[in-house]
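As a plain string of letters, each chain reads:
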Amino acid sequence: MILTDYFRVLKINLESGKGQVIHVDGRDKYIGGSGLGAHLFAKFGLIDRPWDDAQQPLIFAIGPLTGLFPLMSKTVCSFKSPYHDQFAESHAGGRSALCLKFAGIDALVIVGKAAHPVCLSLGARHIELKDAGFLWGTDIQSSGKVLRRMSSGSGHRSILRIGIAGENLVATAGINVDTYRHFGRLGAGAVMGSKNLKAIIIEGNSSFELPAGKQYKKLYKEIYKKITDAGMMHKYHDLGTAENITVLNALGALPIRNLGKTSDQAFENLSGEQFADRTLLRNMACAGCPVGCIHVGFVREKFMEPNHYLYRQVAYDFEPIFALGCMLEINDPFEFLALLDVVEKTGLDAMSAGVALAWASEAFEKGMISEKQTLVSIPFGHGKNYRIALEYMARCENEFYRVLGNGVQKAAAKYGGKDFACVLGQEMAGYATGETFFVSQALGLRHSHLDTGGYSFDQKKEMENNKNVDKALEFLVKDEKERVLLTSMVACLFARKVYTSERISQCLESVGVAHIADKQMELAENIRNLRWKNRLATGYDPSSIRISKRFYEVENWKGRIDGTFMDELKSAYANKIVEMGS
Ligand code: SF4
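Remember, it's a predicted structure, so these values are computed and weren't measured experimentally.

(A) Geometry of the overall build of the protein. Within the protein one finds 26 helices and 19 strands. Its C-alpha radius of gyration of 22 Å places the protein within 12% of the 25 Å reference for a compact globule of 582 residues. Projected onto its principal axes, the C-alpha coordinates of the protein cover approximately 65 × 60 × 50 Å. Looking at the protein as a whole, 57% of its 582 residues qualify as buried.

What follows is the structure in structure tokens.
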């Protein structure tokens, strides 16, 4: 038996510095990843206490197939979010999942608040709190260099760390994972900050057994071949998700200038081809992934006259390009990368930070706010001053930036401009594809474009002239369940066409948990419902979610948004969410 029927959970209290591995029942109910995170939050989360209560848990969970099959490479982080003070989930790759597996645990639960800034180091045989007072206030790059020296090993080591945004409890602060990946959204970075936890070093310093017999090896080879041969993953390796810029621009579905427009030839300068030709240094991959979709570009900075330059590496994807490029009317790849560099160093979430600044630029141009609040002039397209404004946001430089860092909704409530707040539960993702996507992100559990494939449903031919609420609702509910199965394994969602339900069954059978394979969809449904239960219990009211006027004004290749259809779908989905979580 490769997997135990219980979960091995390492629970650490930062106050005492002590931790222990506990056995938590329920592998056959909660699978792992999203399911395990939701289960542990139900067990340890304090639903009536605020997100920054010292005893709130910060949970990292992996799945039953982690380390055993390609692209089973993600970790799920579950927590109470500073963004809305409700249950939340965020996903990241890098080496975190494999290192937790090699440390011999299915999940890490961190409670308590350290008396002073610390770095938590853990492995299969050790837990140690190291003083990190000297790292407090350092940026992600500098702390990374020190933390790598503070730990042994490299390949089986994962480093999670926060920047000044997390330290300052900014609700849009993320956790940086191994430099190029992130638990980006909904403020997990601030949760670490509230615990005085600058960094977590996970050392995967044990080993684990692979399944015996031929079935596992044969299946592994088959999946590996499918991923590397079929061409289906090449697009992620070659241009990466940056190729979405051209596709969405052609559809008139690319949010530009705070969603004031959805298409502009000038943004072909930010296409995947342009980045590949002009800025790309190398590709990287999460541990256990043969695809390598992480595209690393460079920024160049003059630090001394006449010709002394510093080069820094920055990983770009479609979402940061949309948020810090298109939304801000920055269409030069190097200017965009310079903004992304600031976001990376300070530990803000790139999407939220870009969309927040886009709202601020529109409010600034409309005269609703002035330099009295923004301290620098921030009309659209002003890259140099945006760099300063991003620093201000991470540092909570004044009241305006403190509020803005906590999200556009809060800033618009205080300064006006709700009509053009591009918020769908949290700052929008880069798809102006239509009503189904807007509703999906606005109400979805993570307020993420990955909660469901609403953006692809919008592009279905049959939906263009026949907007049907029942069909769209059926899609959202079914697609969420299928994705929850994958995020409980925990697979990279780029591999969703490889890991069909049938292939997941084969994988589970090959590692000795056929009983989970037999009822996987039933379990996925229960996990989906448990996640909603957690969210509702922490105060979520889906019927209270508003979609701003700006979204109703969008025009794309299908014409103008159908507001009636969108309202009806939103109302039906809100009712369904309450039903699922009851
Ligand atoms: S496809 Fe990209 S995000 Fe997914 S596991 Fe591979 S490198 Fe990581």
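(B) Geometry of the site of the ligand. What surrounds the ligand is a group of 13 residues, the closest being Cys286, Cys289, Val291, Cys293 and Cys492. Partitioned by chemical class, the residues of the shell around the ligand number 10 nonpolar, three polar and no charged. Counting only domains with at least three residues in the shell around the ligand, you end up with domain 1 (6-203) and domain 2 (231-424).

(C) Representation of the sheet that holds strand 9 (residues 157-161). Taken together, six strands build an open sheet; the order of strands is 8-7-12-9-10-11 and the sheet is mixed. The two strands at the open ends of the sheet, each matched to only one other strand, are strand 8 (127-131) and strand 11 (181-183). With direction set aside, neighbouring strand axes in the sheet form an average angle of 20°. Strand direction decides the pairing type here: strand 7 (residues 118-122) and strand 8, joined by five bridges, are antiparallel. When the bridges of strand 8 are listed, Ser121 appears paired with Glu128. Here helix 4 (residues 140-150) sits on the sheet and contacts strand 7, strand 8, strand 9, strand 10 (175-177) and strand 12 (197-203); the angle it forms with strand 9, its principal contact strand, is near 145°.

(D) Representation of the nonpolar core in the model. Counting residues in hydrophobic clusters, the biggest one holds 192 residues, and the most contacted among them are Ile59, Ala107, Leu339, Leu348, Val355, Trp359 and Leu390. Looking at this core, the element that brings in the most residues is helix 13 (residues 350-365), giving 11 residues. Those residues in contact with Leu339 that sit more than four places away from it in its chain are Leu324, Ile330, Gly383, Tyr386, Arg387 and Leu390.

(E) Region of the structure containing the domain arrangement of the protein. With domains assigned, the protein is organised as domain 1 (6-203), domain 2 (231-424) and domain 3 (426-580). Look at where the C-alpha atoms of domain 1 and domain 3 centre, and you get two points 26 Å apart. The set of elements that each furnish at least two residues to the side of domain 1 that touches domain 3 consists of helix 1 (27-30), helix 2 (33-44), strand 4 (75-80) and strand 5 (87-92). A per-element tally of the side of domain 1 that touches domain 3 places helix 2 first, with seven residues. Of the residues contributing to the side of domain 1 that touches domain 3, the split by class is 19 nonpolar, 12 polar and seven charged.

(F) Main features of the pairing of strand 3 (residues 58-61). Burial along strand 3 is two-sided: Leu58 and Phe60 and Ile59 and Ala61, pointing in opposite directions, are all buried. Both strand 3 and strand 6 (residues 107-111) contribute to a ladder of four bridges, which runs antiparallel. Bridge pairing in strand 6 links Phe60 to Leu108. Of the pairings in the sheet, the one linking strand 3 to strand 4 comprises three bridges and is antiparallel in character.

(G) Main features of the sheet that holds strand 14 (residues 294-304). In space, the three strands of this open sheet follow the order 13-14-15, with antiparallel pairing throughout. Of all the strands in the sheet, just strand 13 (280-284) and strand 15 (308-316) have a single pairing partner and so form its edges. The sheet shows a mean angle of 30° between the axes of neighbouring strands, taken without regard to direction. In this sheet, strand 14 lies alongside strand 13 in antiparallel orientation, the contact comprising four bridges. Of the residues in strand 14, the one forming a bridge with Asn283 is His295. Taken strand by strand, helix 12 (residues 333-346) contacts strand 14 and strand 15, and its axis lies near 80° from that of strand 15.

(H) Structural detail: the environment of Lys18. Here Lys18 shows up in strand 2 (residues 18-25). The class for Lys18 is exposed, based on 12 C-beta atoms found within 10 Å. Separated by 111 residues in the primary sequence, Lys18 and Leu129 have C-alpha atoms spaced 9.0 Å apart.

(I) The packing of helix 13 against helix 17 (residues 408-415), seen in detail. Relative orientation of the contacting elements helix 13 and helix 17 amounts to 20°, with a least axis distance of 10 Å. Between helix 13 and helix 17, the angle falls in the class roughly parallel. Crossing geometry of helix 13 relative to helix 17 is assigned as right-handed. Contacts between helix 13 and helix 17 involve Val355, Ala356, Trp359 and Ala363 on the former and, on the latter, Val408, Ala411, Ala412 and Tyr415. Residue composition of the contact of helix 13 with helix 17, grouped by class: eight nonpolar, no polar and no charged.

Rules used in this analysis
Residues numbered from 1 in each chain as written. Predicted model: local features only at pLDDT ≥ 70, side-chain atom pairs only at ≥ 80, totals over all residues. Helix = DSSP H or I, 4+ residues; strand = E, 2+ residues; numbered from the N terminus. Rg over C-alpha atoms; globule rule 2.2 N^0.38 Å. Buried ≥ 20, exposed ≤ 12 C-beta atoms within 10 Å, placed from the backbone. Near = placed C-beta within 6 Å. Nonpolar A, V, L, I, M, F, W, Y, C, P; charged D, E, K, R; others polar. Domains from an automatic or database assignment. Pairing = 2+ DSSP bridges. Axes fitted to C-alpha atoms, helices over the stretch in contact; angles between N-to-C directions. Contact = placed C-beta atoms within 7 Å. Core = buried A, V, L, I, M, F, W, Y, C linked by C-beta atoms within 7 Å. Parallel < 35°, antiparallel > 145°, perpendicular 65-115°, else oblique. Left-handed = near helix turned anticlockwise from the far one by under 90°.

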